[in-house]
Amino acid sequence: MIVAALLPAEARARLVPFALLAVVAAALRAASALLLVPLLGGLFSQSPRAALPWLGALAVSVAAGWILERHLVIRSFDLGFAMMGSMNQRLVDHLMAVQIGWFGAERQAQAKRALAGAVPELFASTVNLATQASICVALPPAIAIGLLFVAWPLGLVALAAVPLLFGALLLGGRLMRRAEADFAAASGEVAARTEEFARSQLMLRAAGRTGTSGTPLGDAIATQRRSGLRILWFALPGTLAFSLAMQATLLAMVAVLALMFTQGTDDAVRTVALIVVALRFLEPLNTLSELFPALESTRAAAGRVLSVLDVPTQTKPERDARPGPAAVAFRNVCFAADGKRVLENVSFVVPAGTMTAIVGPSGSGKSTILSLVARLLDADAGEVEVCRHDVRGYRPDTLMEQLAVVFQNVQLFEGGIAENIRIARPQASDADLQAAASAAGVDEIVARLGSWDAPVGEGGGALSGGERQRVSIARALLKQAPILLLDEATSGLDTLNEAAVATALSRFSHCTVLVVAHRLETIAHADQIVFVEAGRVVESGFRESLVAAGGRFAAYWHHRRDAQRWQMQHSHAGALRDRMASPAGGRTSVT
Amino acid sequence: MARGFQKTMMTALGATDHVMTVLSVTDLTPGFRRIRFSAPTMIDGRETPTASYVRLWAPDPKEPGKVHQRGYTLVEPDAATGQVSFDFVLHEPMGPASAWAAAAKPGDTITASYYMFHKFEPPEDPEGYLLMGDPAAIPAINAILGVLPPEARVVIILQAHAPGDAAIPVTTHPGADVLWTGPGTGALAGAVPHRDWSNWYAWVAAEGAAIKELRATLNRVHGFPLSDIKHAAYWMRGKAMRLRKEAGPSAGETVTRDQPTTQPPFVPIAAANAAAPAAPRPRWRSQRGVELLGSLRWKLRAAGALQGLISLMQLAPLVLMAELGRRLLAGEGRWEVLSPLILWAIALYGAAATLSAGLMLWLHAVDAQFGHTLRVSIVTKLARLPLGWFTDRNAATVHQAVQEDAGRLHYMVTHAVPDVVAGIVTPLAVILYLFAVDAALAAMLFLPLIAFVALYILMMRGVADKLVEFANWTKRANAAASAFVEALPVVRVFGGDGRALRAVLDGQAAFLNGWQRPMAGRKVASQLAIQPPTFLLLITAAGCWRVLSGGMAPADLLPFLFLGTVFGAQIMTVMYGFVPLREAKQAARRIGLLLEEPELDRSRSSRELPPGPLGLRFDGVSFGYRPGKPVLRDVDLVLKPGTMTALVGPSGAGKSTLAGLPGRFHDVTDGAIRIVSGETEIDIRQLKPEALQRAVGFVFQDVRLIKETLRENIALARPGATMAEIEAAARAARIHERILAAPRGYDSVVGEDARLSGGEAQRLSIARALLADPPMLVLDEATAFADPESEHLVQQALSALVGRRTVLVVAHRLHTVTHADCIAVMQAGRIVQSGRHQELLARPGLYRDLWQAGERKSA
Ligand SMILES: Cc1cc2nc3c(=O)[nH]c(=O)nc-3n(C[C@H](O)[C@H](O)[C@H](O)COP(=O)(O)OP(=O)(O)OC[C@H]3O[C@@H](n4cnc5c(N)ncnc54)[C@H](O)[C@@H]3O)c2cc1C
């Protein structure tokens with residue numbers, strides 16, 4: 001099933017012939033093994049020449065096997081390529097439709113691994129392993145069935161042994177896998193703890209906690225050691241199961257042969273020849289057990305790819321909605337991520353042509369609100385409306401045409417600066433582009449880097465946080481959409497950056513603006529304040545009236561104003577303050 | 001010999017031919033000529049590894065049509081124009097290559113084969129680089145100098161064969177000393193200065209005999225481990241480089257990393273030895289990995305021996321069965337004759353299985369012990385390193401050691417060794433046994449192997465180029481996938497179809513298709529050659545022939561049928577088995593390097609803190625991360641008890657480095673930092689580590705919380721603190737209410753049910769510092785807030801923390817520290833101004849400039 005799921009529909013049809021041919025190839029190998037019985041019979045008889053026709057037959061079947069297996073490998077190339085090509089496209093298509101909120105750091109890594117690592121690995125396994133592995137699976141039953149016709153008691157034993165052998169192989173593999181997984185988990189835990197230990201050295205040393213006894217690190221190391229030993233109790237039966245099954249089978253087969261020989265059913269020559277066949281019967285299982293790790297890692301690679309394809313995608317409407325006036329509205333919107341409430345019953349309206357500032361403590365869900373508007377995330381309940389329609393009623397392009405966004409997480413892609421700006425409006429003239437760029441203070445970055453095509457690095461890594469935001473702003477300016485969504489950066493706030501934000505806001509002053517605001521200037525200019533705390537809108541309205549009301553926003557506003565004027569100094573407020581400062585009654589209060 | 005054969009060999013090894021056209025000829029010195037070529041097929045945008053070289057096909061001056069191959073190093077390859085130069089030593093007597101160069105003029109052409117294997121790969125971060133060679137090696141040395149980091153220490157020793165040679169231009173490097181020595185085989189070896197070369201890396205190339213002697217001298221006299229000497233013989237005195245010698249890519253310049261046993265005899269250099277001082281034995285960190293594995297060595301050897309025995313025991317039953325067959329055929333079918341064989345076979349099988357299980361158990365036990373020791377020693381090591389060591393870069397080192405390398409060693413101990421031994425012993429034993437049975441037939445078994453090897457070589461033809469290309473595609477695909485995934489939000493917002501990624505992935509697929517598919521036929525053939533049916537057919541066919549011709553008793557065929565068919569398959573196991581072994585060795589080396597990092601010197605750290613209010617004195621402090629590259633120069637600064645001192649200045653001035661020194665993040669290279677209490681002054685290096693940690697507290701912007709409860713995070717420095725004390729600290733740091741809001745209050749676990757914002761984490765760390773209550777406090781970037789929303793709370797918490805302590809604050813916003821008792825202005829590692837805000841503002845100088853710039857900004 002996994003195999004079929006990996007293949008594109010058109011290639012799936014080719015799987016059946018492939019499997020059939022593999023069975024035929026196995027049958028040919030089985031035939032070569034069984035031909036040994038008459039061949040050796042002839043060779044060991046009084047007239048050894050009797051063996052020659054059988055030798056001829058053996059040569060024919062081996063040669064036929066060669067041809068067939070060669071053909072199979074070439075077919076496996078076709079399958080591999082079909083798989084690789086379609087899988088790449090499917091992964092890219094799928095990732096483009098997955099909700100952006102899905103991509104945490106870990107999932108990003110997962111997606112990258114699936115794209116760049118797993119698919120080539122699957123290709124390599126298809127090409128290198130598929131033929132061998134399928135023949136090895138089909139060969140033991142084929143020989144067993146063949147034996148039924150040559151020496152049926154032996155055939156019966158072999159047939160009975162097939163499930164036993166495969167069972168033992170799988171069981172052993174599973175036990176080993178579990179043990180290794182346990183071990184890897186324990187090692188990972190120690191490693192993570194050790195890294196934490198390294199990162200926290202300053203603090204841990206100040207605390208005198210640098211030993212391993214009684215610390216989480218010490219516990220992790222001890223656990224790891226224990227699991228290193230526990231691995232044995234899984235691994236041991238794992239390997240033993242398989243080798244015991246192999247030996248039991250061989251023993252049973254030899255016993256049957258001995259019985260047949262003593263009862264005179266078989267003569268010495270046939271007995272010997274049948275022992276050889278019995279060995280041939282077990283051989284592919286040895287090969288399989290050697291291929292097992294490779295097959296395992298292929299399975300894991302397939303799992304990685306399929307798990308990405310299993311991530312649900314965002315819905316697309318059948319019919320596209322027609323945007324109305326540029327307003328934004330939230331009605332009882334709830335959103336949760338990883339089981340944690342982020343927004344609860346959020347409602348507010350941004351009338352067309354006005355500016356609303358979302359304000360609140362960090363972690364209160366402000367940026368999530370913007371992401372919901374741009375449909376980087378989908379609400380769990382309630383409605384997010386843009387231009388009078390639920391965002392889910394638009395085709396993605398139509399929705400995005402209404403929005404210019406400057407987000408923290410929608411940053412740059414690898415490429416030149418100009419390229420990064422132009423993506424907002426590919427048909428824009430160079431003059432427009434230049435104008436937008438210089439309004440956002442990007443020309444200063446260009447001067448520093450020396451060229452409009454200077455690469456910005458992966459994720460814009462060559463630029464500072466503030467510079468990245470300026471490029472983003474230039475993009476928004478170039479786009480000229482009716483609604484601006486702006487998430488002010490909190491880090492790297494420099495003068496140029498503030499100027500760029502101010503420019504953006506003034507350029508969009510006739511448009512509808514929804515801004516997550518940190519700067520007091522921005523807050524001061526807003527037509528409406530929405531104060532968010534712990535995922536709820538606690539206050540909203542005009543700034544003056546909110547300040548006058550003396551609620552949460554008023555406190556926030558005053559604190560922020562004070563903070564700007566703060567200076568660091570020794571406390572002169574007297575004993576009370578000092579006692580608070582050093583609860584243990586430290587020496588600093590003794591003056 | 002015909003060029004044909006060599007070319008086949010070389011092509012098989014991955015070189016491709018290119019025609020190069022002379023563009024210009026410049027004599028850098030009378031005997032050293034630079035020729036610029038146009039070589040668009042060779043310099044086609046692919047990476048050209050540092051100091052990689054070509055084999056030129058130089059025409060024979062006497063016999064037209066005959067060519068000789070000679071190695072030359074790429075100089076200034078330019079992918080944009082497809083041009084490259086080569087520097088030719090015009091030596092006397094001349095050979096084909098130098099003669100060609102001496103006569104070359106623009107428009108001439110010459111063919112060259114290019115390998116990209118050859119790479120300059122020094123170990124991570126050696127103490128310095130010793131580069132030695134004669135004029136032929138100067139192009140390579142120049143290329144290497146071009147890629148060494150500017151702060152690296154380099155010693156270059158060059159040999160002039162002729163007086164004019166010393167004028168050959170050598171790339172300048174800020175950390176390099178260049179020494180010239182004269183002609184003679186022993187000259188280079190004799191020119192190596194006596195000094196402590198610990199942890200240096202040597203790259204040497206010159207005339208063959210000179211190199212031999214040099215390598216021996218570096219090893220025996222100067223202590224260089226052979227693995228840290230990269231050596232190459234570039235030519236042989238008195239001998240034209242013979243064709244035969246250069247059939248392979250590395251025949252001319254053997255790059256050996258072998259054990260000391262294969263040493264050339266050492267030729268002592270009397271003069272140099274006499275001068276050798278009785279210095280302590282130099283040490284190379286790179287050897288630590290070997291030592292690390294040393295503890296395992298006998299165990300692994302024993303395991304290998306046992307595995308060898310087990311492999312033999314696993315074969316024995318087959319031998320017994322063959323014997324059983326032989327007796328059956330001979331008509332000795334009686335049970336008394338057969339039963340001992342069968343019983344023995346069963347017993348051996350059982351014993352082998354038991355032993356093998358036992359071996360596995362034992363190896364896992366060994367591994368558990370080794371892994372445990374390893375982890376404990378890493379942790380112990382980490383606790384002893386200077387705090388300044390823990391940078392981002394070194395975080396990656398720790399990650400590599402504990403996540404990846406530890407796993408590799410685990411795999412090596414538990415799997416790789418037995419696998420490799422079994423893979424070698426089994427086929428070897430089989431073939432020996434079969435030879436004993438019937439040599440002629442046994443010899444036939446090599447036929448499929450030979451066919452396999454031949455087909456394999458055929459298949460590998462040109463594969464080196466392809467492998468490089470494949471690696472490039474993999475790199476590109478990885479980069480494109482990263483870029484795509486990271487840009488997904490942009491794509492979503494601005495539209496996009498992942499075209500770039502699709503193009504790369506399709507390109508990769510097409511490349512694989514174009515490369516692998518034509519090989520498919522040969523690949524199958526090579527595999528089929530060693531599959532059991534092939535051996536079966538071979539054995540029966542040859543067996544029939546031997547039996548029919550009377551050369552062999554029919555019964556002798558049985559051992560072959562029993563044992564001979566699996567023979568081939570094991571070849572592959574061995575081939576793959578060595579990879580993890582090599583990886584493990586490298587892993588051990590990396591871990592060894594970590595365990596060799598220099599520790600903080602605590603030999604004198606025995607004193608306790610003096611009583612009374614504490615201050616701090618920086619006394620002529622200089623410090624540099626690397627010798628000769630000071631970051632701080634001669635800093636004098638006094639922090640009086642109970643005062644606040646601010647460090648300001650442009651970024652890169654050394655403020656943070658200076659602020660870390662009181663905590664012994666690093667030890668000063670010159671001068672001293674002293675704790676001052678009244679009349680007593682104690683060098684911080686003499687304080688007990690715990691005492692120092694208690695005396696100086698640090699608060700950074702970058703806050704570290706550990707995955708424990710909030711309570712434990714606060715009480716970290718004082719595990720004995722009562723709940724009341726913890727709460728008081730949390731209240732003063734304005735974090736108490738936030739903690740109560742977490743699901744389990746003070747018992748919430750960081751990262752699980754307590755997710756703190758930047759400002760909150762900062763307040764928590766301030767609470768921690770309050771509880772620890774150090775008399776002195778260093779605040780670095782503590783005012784550069786990541787979290788404007790809770791800025792005022794952090795400020796209040798900081799005010800509480802500062803209290804009346806002795807404070808050193810690194811300030812980025814000048815106006816926050818205008819109340820400081822002293823403001824020290826730093827520039828380029830020195831304190832250039834100091835005083836109070838008003839005083840500094842009154843005089844022209846850096847402070848006033850910075851202040852005015854700040855004013856303009858906020859205006
Ligand atoms: C990897 C590699 C890279 C190299 N890069 C360069 C390079 O960039 N520039 C360069 O000039 N050489 C370089 N060499 C050295 C060059 O390949 C040899 O010097 C080569 O032998 C010269 O060939 P020939 O035909 O001129 O002389 P040959 O036919 O080899 O020798 C003729 C005579 O000249 C002597 N002789 C050979 N080479 C020298 C020499 N360098 N100095 C003095 N006498 C010599 C021989 O002993 C012999 O007596 C490199 C060698 C290698 C292996």
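Residues numbered from 1 in each chain as written. Chains lettered and ligands numbered in written order. Predicted model: local features only at pLDDT ≥ 70, side-chain atom pairs only at ≥ 80, totals over all residues. Heavy atoms only, no water.

### So, the overall build of chain A
Turning to step 1, where the next piece is worked out: Looking only at helices and strands, one finds 20 helices and 10 strands in chain A.
Turning to step 2, where the next piece is worked out: Taken over the C-alpha trace, chain A has a radius of gyration of 36 Å; the compact-globule value for 591 residues is 25 Å, which it surpasses by more than 25%.
Turning to step 3, where the next piece is worked out: In terms of overall dimensions, chain A has a C-alpha envelope of 115 × 70 × 50 Å along the principal axes.
Turning to step 4, where the next piece is worked out: Here chain A holds 591 residues, and 53% of them are scored as buried.
Turning to step 5, where the next piece is worked out: Pairs at least 24 residues apart make up 74% of the contacts formed inside chain A by residues separated by at least 6 positions.
Turning to step 6, where the next piece is worked out: With the model as given, the accessible surface of chain A reaches about 24400 Å², and the carbon-plus-sulfur share is 59%. (Helix = DSSP H or I, 4+ residues; strand = E, 2+ residues; numbered from the N terminus. Rg over C-alpha atoms; globule rule 2.2 N^0.38 Å. Buried < 20%, exposed > 50% of the residue type's maximum accessible area, 1.4 Å probe, protein only. Contact = heavy atoms within 4.5 Å. Areas by Shrake-Rupley, 256 points an atom, 1.4 Å probe, with all protein chains shown as cover.)

### Here's the deal with the pattern of salt bridges
Turning to step 1, where the next piece is worked out: The final tally for this structure, using the stated rule, is 48 salt bridges over all chains.
Turning to step 2, where the next piece is worked out: Between A:E121 and A:R304 there is a salt bridge; the shortest N-O distance is 3.8 Å. In this pair, A:E121 is assigned in helix α5 (residues 105–150) and A:R304 in helix α9 (residues 268–309), connecting sequence segments 183 residues apart.
Turning to step 3, where the next piece is worked out: Classification of A:E121 as partly exposed rests on a relative accessible area of 25%.
Turning to step 4, where the next piece is worked out: Relative accessible area serves as the criterion here: at 27%, A:R304 is assigned to the partly exposed category.
Turning to step 5, where the next piece is worked out: Residue B:D556 is joined to B:R326 by a salt bridge in which the shortest nitrogen-to-oxygen separation is 2.7 Å. One end of the pair, B:D556, is in the loop between α14 (532–548) and α15 (557–563); the other, B:R326, is in helix α7 (residues 288–329), with 230 residues separating them in the sequence.
Turning to step 6, where the next piece is worked out: Using a relative accessible area of 15% as the deciding quantity, one classes B:D556 as buried. (Salt bridge = Lys/Arg side-chain N within 4 Å of Asp/Glu carboxyl O.)

### A few points about the interface of chain B and chain A
A common way to report how large an interface is uses the accessible area buried once the components associate.
Turning to step 1, where the next piece is worked out: Each partner contributes to the interface: chain B provides 143 residues, whereas chain A provides 147 residues.
Turning to step 2, where the next piece is worked out: Our enumeration of links across chain B and chain A arrives at three salt bridges.
Turning to step 3, where the next piece is worked out: One salt bridge in this structure joins A:D93 and B:R502, with 2.7 Å as the shortest N-O distance.
Turning to step 4, where the next piece is worked out: Along the contact surface separating chain B from chain A lie 19 residue pairs in polar contact (both at pLDDT 80 or more).
Turning to step 5, where the next piece is worked out: For the side of chain B that touches chain A, the leading source of residues is helix α8 (residues 335–384) of chain B, giving 20 residues.
Turning to step 6, where the next piece is worked out: Of the residues contributing to the side of chain B that touches chain A, the split by class is 79 nonpolar, 37 polar and 27 charged. (Polar contact = N/O pair within 3.5 Å; in protein donor to acceptor, adjacent residues only side chain to side chain. Nonpolar A, V, L, I, M, F, W, Y, C, P; charged D, E, K, R; others polar.)

### Observations concerning the site of the ligand
Residues and elements named next belong to chain B.
Turning to step 1, where the next piece is worked out: In the neighbourhood of the ligand, 25 residues make up the surrounding shell, with G71, D87, A97, S98 and M236 lying closest.
Turning to step 2, where the next piece is worked out: Separating a nitrogen atom of the ligand from a side-chain N or O atom of T73 is a distance of 2.9 Å.
Turning to step 3, where the next piece is worked out: In this structure, V89 approaches the ligand through a main-chain N or O atom, which is 2.9 Å from an oxygen atom.
Turning to step 4, where the next piece is worked out: If the ligand stood free it would expose 900 Å²; the protein chains cover 95% of that surface.
Turning to step 5, where the next piece is worked out: Going through the elements one at a time, β4 (67–73), β6 (83–89), α2 (96–103) and β12 (229–235) are the ones with two or more residues in the shell around the ligand.
Turning to step 6, where the next piece is worked out: The dominant element in the shell around the ligand, judged by the number of residues it contributes, is β4, at four residues.
Turning to step 7, where the next piece is worked out: Looking at the shell around the ligand residue by residue, the class counts come to 14 nonpolar, six polar and five charged.
Turning to step 8, where the next piece is worked out: Here the shell around the ligand spans two domains, since at least three of its residues come from each of domain 1 (4–114) and domain 2 (128–275). (Near = heavy atom within 4 Å. Domains from an automatic or database assignment.)

### As for the UniProt feature "transmembrane region" (unreviewed entry) in chain B
All names here are of chain B.
Turning to step 1, where the next piece is worked out: As annotated in UniProt, the feature "transmembrane region" (unreviewed entry) corresponds to residues 302–321, 341–363, 416–435, 441–459, 528–548 and 560–581 in the numbering used here.
Turning to step 2, where the next piece is worked out: In the segment residues 302–321, helix accounts for 100% and strand for 0%; the C-alpha atoms at its two ends are 29 Å apart.
Turning to step 3, where the next piece is worked out: A distance of 28 Å separates the end C-alpha atoms of residues 528–548, which is 90% helix and 0% strand. (UniProt positions renumbered as here; feature names shortened; annotations may be inferred.)

### As for the sheet that holds strand β10 (residues 176–181) of chain B
Residues and elements named next belong to chain B.
Turning to step 1, where the next piece is worked out: The strand order β10-β9-β8-β11-β12 describes an open sheet built from five strands, whose pairing is parallel. Edge positions in the sheet fall to β10 and β12, since each of these pairs with one other strand and no more. Put simply, the sheet's adjacent strands are angled 10° from each other on average, direction ignored.
Turning to step 2, where the next piece is worked out: As judged from the five bridges shared by strand β8 (residues 128–133) and strand β9 (residues 154–159), these two strands associate in the parallel manner. Pairing of L131 across the sheet is with I156, part of β9. (Pairing = 2+ DSSP bridges. Axes fitted to C-alpha atoms, helices over the stretch in contact; angles between N-to-C directions.)

### Some details on helix α13 (residues 499–529) of chain B
Since the α-helix advances by 3.6 residues per turn, residues separated by three or four positions end up pointing in the same direction.
Turning to step 1, where the next piece is worked out: Over its 31 residues, α13(B) runs 43 Å from end to end, which matches the ideal 45 Å to within 8%, given 1.5 Å per residue.
Turning to step 2, where the next piece is worked out: At B:A520, α13(B) shows its largest bend, some 50°. (Expected span 1.5 Å × (residues − 1). Bend = angle between axes of the 7 residues up to and from the residue.)

### Digging into the sheet that holds strand β3 (residues 355–359) of chain A
Residue and element names in this part refer to chain A.
Turning to step 1, where the next piece is worked out: Taking strand neighbours across the sheet as the criterion, the six strands line up as β6-β7-β8-β3-β9-β10 in an open arrangement whose pairing is mixed. The open sheet has two free edges, formed respectively by β6 (403–406) and β10 (536–541), since each of these has just one partner strand. Here the strands of the sheet are splayed against their neighbours by 15° on average, with no regard to which way each runs.
Turning to step 2, where the next piece is worked out: For β3 and strand β8 (residues 512–516), the ladder comprises four bridges, and the chain directions are parallel. The residue of β8 that forms the bridge with A357 is V515.
Turning to step 3, where the next piece is worked out: Where helix α15 (residues 465–479) meets the sheet, it contacts β6 and β7 (483–487), and its direction lies at approximately 170° from that of β6.

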